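Chain and residue survey
Residue-level listing of the chains:
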Amino acid sequence: MELLKTIFEVFMNTYPGFLEAMLITLQITAVALILGTVFGLMFALMKISRSRILQTIANVYITIIRGTPLIVQIMFLYFGITTLVVLSGFWAGAIALGIHNGAYIAEIFRGAIQGIDKGQREASSSLGMTRAQSMRRIVFPQALKRSIPPLGNQFIITLKDSSLVYIISVPELFAMANREAAQNFKSLETYLVVGGYYLVLVMIFTYLLRWYENKLDVDK
Amino acid sequence: MLKGSNIHKSFGDLEVLKGIDLEVAPSEVVVLVGVSGSGKSTLLRCFNFLEHINQGTIEIDGHEVNPKKDKLSKIRAEVGMVFQHFNLFPHMTVLENVIEAPIIVKKMKKEDAIVLGKQLLEKVGLSDKADVYPSKLSGGQKQRVAIARSLAMEPKVLLFDEPTSALDPELVGEVLEVMQQLALEGMTMIVVTHEMKFARNVANRIIMLDEGRIIESADPETFFGNPTHERTKQFIKLVD
């Protein structure tokens, strides 16, 4: 009971700061997802292309990104790039998250594209479509739809992973929690509260995703 | 119309077609039969260049196709194919399935394509299903849509790869009826099928494949009444 009371106190004392920080979390997640989707599509296309060189580039990218911790990538980008161009923590973090997600999203897209029954390609070929036409008109629309559930999952992971950019001083939710906890000496309660923010965001997102999936299903 | 000479096709070490010579005349209906693994589906797929032959030549309308130089998409547009598993596009309505290739490949105007598409759907008896998605159709209806979709490209030859093998028995008739109608209208067709009644009634010629070779080629009456090859006799006993 005592704990609940302190949690509530901490919540009431911190929500102005947390709401502001939440906005930054959402912004950085949004930028990361847009970049990640663009990179993902690009590398998925390279991976299924018939060019050995493009395939190799995509494989190297995916291997390196999946094989190293996100926090290392964030640090590398922040300290690596800022020696060349001036980049705010926000943008360094968003780009790092985008590149990171690109590798996973590329695999999601590749899997979805290759999962489309080869009869679809054969049917479109037999009607005289070129490889590009059949990709654009027949395979992609179906693959995109099939990617939505795993993409949603990836989006949730990104939202939570964005907390790691606290390490380069981006004032997002987790960074804010650190700062508050250092001031109010109520670490347990503060981290419980910030966990609650993430939980609520994820639940809202999950709900929206389910609504969208149902809508797609009805349309078909 | 369509002529294959000395066609050889191997998958790895397995030689599936061992020198096939087959010429199909305009408006002719040729039925290919044979036990499973005899190479009949592979032969059909070679004619549509879904498989690349290892040796031999294929001529379409007197033009010898060179898969390296010719644009295969152009040639495939002239040779329609109906698949065992229909392969309709699930993300498009029935009408969209039919008009897709004319619009994308032939650059036909959408209004014109819709007129054509509706005519073809009427022909296969599915006018009322134009705006429905394929998932709502029975197997027989799906296959009739697939036929309409092939016809929309106005192919010179139509290839059927076991078009009724995936259907429930009660749905086979409606598809065969459409095919018979097409044959009557003079469509050139090569049909791989196990429907012997269809072969007997519709085919101009029945060809028996065995282990990658043509062992019998005759009109239906001779084929069923007086086959020369021992394997053909066995086959007819099995299916009749």
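Below or above, wherever it landed, is the structure these notes cover. Keep in mind that what you see is a predicted model, and the values were worked out from it rather than measured. (Residues numbered from 1 in each chain as written. Chains lettered and ligands numbered in written order. Predicted model: local features only at pLDDT ≥ 70, side-chain atom pairs only at ≥ 80, totals over all residues. Heavy atoms only, no water.)

**Section: the side chain of Thr190(A)**
Within the element layout of this structure, Thr190(A) appears in helix α8 (residues 187-219). Separated by 2.6 Å, the side chain of Thr190(A) and the backbone oxygen of Lys186(A) make a polar contact. (Helix = DSSP H or I, 4+ residues; strand = E, 2+ residues; numbered from the N terminus. Polar contact = N/O pair within 3.5 Å; in protein donor to acceptor, adjacent residues only side chain to side chain.)

**What to know about the pattern of salt bridges**
Under the counting rule described, the total for this entry stands at 13 salt bridges over all chains. Between Glu122(A) and Arg45(B) there is a salt bridge; the shortest N-O distance is 2.6 Å. Of this pair, Glu122(A) sits in helix α5 (residues 118-126) while Arg45(B) sits in helix α1 (residues 40-47), on two different chains. For the pair Glu122(A) and Arg45(B), a shared accessibility class is recorded, and that class is buried. Between Lys156(B) and Glu78(B) there is a salt bridge whose closest N-O contact spans 3.4 Å. (Salt bridge = Lys/Arg side-chain N within 4 Å of Asp/Glu carboxyl O. Buried < 20%, exposed > 50% of the residue type's maximum accessible area, 1.4 Å probe, protein only.)

**What about the sheet that holds strand β3 (residues 29-33) of chain B?**
All names here are of chain B. A sheet is described by the order of its strands in space; here six strands give the open sequence β6-β7-β8-β3-β9-β10, paired in mixed fashion. Here the strands that pair on one side only, and so sit at the sheet edges, are β6 (79-82) and β10 (213-218). Neighbour to neighbour, the strand axes of the sheet diverge by 20° on average, direction disregarded. Across the face of the sheet, helix α6 (residues 169-184) comes into contact with β3, β7 (157-161) and β8 (188-192) while running at roughly 145° to β8. Each of β3, β9 (205-210) and β10 touches helix α9 (residues 230-239); the most contacted strand, β9, lies at about 105° to it. (Pairing = 2+ DSSP bridges. Axes fitted to C-alpha atoms, helices over the stretch in contact; angles between N-to-C directions. Contact = heavy atoms within 4.5 Å.)

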